[in-house]
Amino acid sequence: PALSAGEWILALSDADGGGGPNHWFVVMLNANTSDNNYNWESEPNDGAAAPNAIDMPEYDNTSGKPFSKGTVQGFVDSPGDTDFFTITAPEESAGENEDGEMTQWVVLCMNSAGLGSSIAPGLTVYGEDGSILAEQDSSADENPNLRTENIEITPGEELVVQVNPGAELLVTPDEWY
């Protein structure tokens with residue numbers, strides 16, 4: 001879990017609650033500060049009129065085909081806070097779909113739980129015309145991470161991505177995603 005700064009006591013035991021001189025454990029602590037991993041959102045971005053643009057540099061995969069990838073992290077600033085972002089990839093990062101038309105495929109992942117956050121976020125993706133292309137909520141009880149795959153768009157289309165802290169009331173202001 002993401003713990004606040006301070007002193008902590010860890011109690012370790014095996015799966016049956018045992019311990020002692022014939023038991024040993026390895027404890028790995030990630031002591032990185034959360035401010036040096038990815039670019040941070042900048043406020044205000046609480047509405048579709050003021051989204052943050054996510055930088056989407058272009059790379060080549062092992063087959064030499066171009067793709068774009070961007071990352072961002074953000075904070076829940078207050079209960080009910082939602083944050084908006086835009087993404088767009090160069091038109092060259094495209095391929096032909098099964099109908100022979102040039103297209104781009106979008107994959108969005110939220111892995112905040114894997115990085116120690118307790119957020120169970122929701123994600124909505126809007127097309128340039130404002131239509132909802134994808135919508136997904138995660139669950140703190142099942143899998144708090146999200147992956148939305150293969151949203152097919154016109155090459156170069158700008159998408160708006162909305163992130164909300166989710167319906168689970170596990171997070172407080174200053175929780176990050």
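Just so it is clear, the model here is predicted, and its values are computed rather than measured.

What about the overall build of the protein chain?
Thought 1: Along its length, the protein chain carries zero helices and ten strands.
Thought 2: For the protein chain, the α and β elements follow one another from N to C terminus as β-β-β-β-β-β-β-β-β-β.
Thought 3: Within the protein chain, the proportion of its 177 residues that are buried is 33%.
Thought 4: Long-range pairs, those at least 24 residues apart, make up 67% of the contacts in the protein chain between residues at least 6 apart in sequence.
Thought 5: Accessible area of the protein chain: about 11,600 Å², with a carbon and sulfur share of 49%.

Some words on a negative patch on the surface
Thought 1: There is a patch of like negative charges on the surface, built from Glu58, Asp60, Glu91 and Glu92.
Thought 2: With respect to the helices, strands and loops of the structure, Glu58 is situated in strand β2 (residues 58–60).
Thought 3: Accessibility expressed as a relative area gives 36% for Glu58, which makes it partly exposed.

Remarks on unusual backbone geometry
Thought 1: Look at the link from Glu43 to Pro44: it is a cis peptide, with omega at 0°.
Thought 2: Mapping Pro44 onto the fold places it in the segment before β1 (52–53).
Thought 3: Phi at Asn150 is positive, roughly 55°, even though this residue is not glycine.
Thought 4: Structurally, Asn150 can be placed in strand β9 (residues 146–153).
Thought 5: Residue classification places Asn150 among the exposed positions, given a relative accessible area of 53%.

Brief notes about the sheet that holds strand β6 (residues 102–110)
Thought 1: Taking strand neighbours across the sheet as the criterion, the three strands line up as β5-β6-β9 in an open arrangement whose pairing is antiparallel. The two strands at the open ends of the sheet, each matched to only one other strand, are β5 (95–96) and β9.
Thought 2: Looking at chain direction, β6 and β9 are connected through six bridges and run antiparallel. Its bridge partner being in β9, Met110 is matched across the sheet by Leu146.

Thoughts on the packing of aromatic side chains
Any two aromatic rings considered together are summarised by their centre-to-centre distance and by the angle between their planes.
Thought 1: This structure, assessed with the given rule, holds two aromatic pairs.
Thought 2: A centroid spacing of 4.7 Å and a plane angle of 10° characterise the contact between Trp40 and Phe75, whose relative ring orientation is stacked. Of this pair, Trp40 sits in the segment before β1 while Phe75 sits in the loop between β3 (66–68) and β4 (83–87), placing them 35 residues apart in sequence.
Thought 3: Residue Trp40 is classed as partly exposed on the basis of its relative accessible area of 26%.
Thought 4: Under the relative-accessibility criterion, Phe75 is labelled partly exposed at 26%.

Basis of the calculations
- Residues numbered from 1 in each chain as written.
- Predicted model: local features only at pLDDT ≥ 70, side-chain atom pairs only at ≥ 80, totals over all residues.
- Heavy atoms only, no water.
- Helix = DSSP H or I, 4+ residues; strand = E, 2+ residues; numbered from the N terminus.
- Buried < 20%, exposed > 50% of the residue type's maximum accessible area, 1.4 Å probe, protein only.
- Contact = heavy atoms within 4.5 Å.
- Areas by Shrake-Rupley, 256 points an atom, 1.4 Å probe, with all protein chains shown as cover.
- Patch = residues over 30% accessible without salt bridge, like charges linked within 9 Å, V, L, I, M, F, W, Y side chains within 5 Å.
- Salt bridge = Lys/Arg side-chain N within 4 Å of Asp/Glu carboxyl O.
- Lys, Arg positive; Asp, Glu negative; His and termini not counted.
- Charge placed at Lys NZ, Arg CZ, Asp CG, Glu CD.
- Pairing = 2+ DSSP bridges.
- Phe/Tyr/Trp six-rings, centres within 6.5 Å; stacked < 30°, edge-to-face > 60°.

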